[in-house]
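# Per-entry structural report
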Amino acid sequence: MRSSLVRALVTTSAVVGIAAGGLAGATASVAAPQQATKPAVSSPHAAILAVNNLGLDAAHARNWQSCLNAWGFNAGTEDGQLGTNSWKAAQRMLNAWGYNAGTVDGAVGPNTITALQKFLNAVGFNAGTPDGIAGPQTRNAFWNYNDTGC
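Thresholds, definitions, all that
- Residues numbered from 1 in each chain as written.
- Predicted model: local features only at pLDDT ≥ 70, side-chain atom pairs only at ≥ 80, totals over all residues.
- Heavy atoms only, no water.
- Disulfide = S-S within 2.5 Å.
- Helix = DSSP H or I, 4+ residues; strand = E, 2+ residues; numbered from the N terminus.
- Buried < 20%, exposed > 50% of the residue type's maximum accessible area, 1.4 Å probe, protein only.
- Phe/Tyr/Trp six-rings, centres within 6.5 Å; stacked < 30°, edge-to-face > 60°.

The next point concerns the state of the cysteines. A complete count under the given rule lists one disulfide for this structure. Here Cys67 is linked by a disulfide to Cys150, with a sulfur-sulfur distance of 2.3 Å. Classification of the bridge connecting Cys67 and Cys150 rests on its S-S torsion, roughly -110°, and on that basis the disulfide is left-handed. In this pair, Cys67 is assigned in helix H2 (residues 58-70) and Cys150 in the segment after helix H5 (136-147), connecting sequence segments 83 residues apart. By relative accessible area, Cys67 is classed as buried at 0%.

Next comes the structure, spelled out in structure tokens:
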């Protein structure tokens, strides 16, 4: 009988201990402060893509930058990386020449693509219907234009 009583006490103690430990752990986890997390983007606006060569390799992109600089639109360093400065120069050129690229912000959006398509079509490179989408035909026309100089 004594062993049954000891067994019951040990079992009860174990159950109480496990329950108390579980509650203590739960209390600690609830009471622990949440760690601050950093947002994925630090500003309220998403950043403009740093470089967008629209399918051009560095040599063809350097040609485009060279043309923009030669025409006086200041694309900056001719490094073969069409970044914000290069696209701002392109937007200034496209706007000045009547192709309506919209706001000069360096973003390669639909207005810029539509204006580029109109320009490429006007100078004899078939970029397709100006629709603001830089699809294969537009990219091919942009490549071919920059294969011939400016």
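And the narrative resumes.
Turning to the packing of aromatic side chains, a few remarks are in order. The tally for this structure, following the rule as stated, stands at twelve aromatic pairs. Geometrically, the ring pair formed by Trp64 and Phe119 is tilted, given 6.2 Å between the ring centres and 55° between the ring planes. Placement of Trp64 in helix H2 and of Phe119 in helix H4 (residues 110-122) is noted, with a sequence separation of 55 residues between them. Accessibility expressed as a relative area gives 0% for Trp64, which makes it buried.

Spatial relationships are all this shows, so hold off on functional conclusions.
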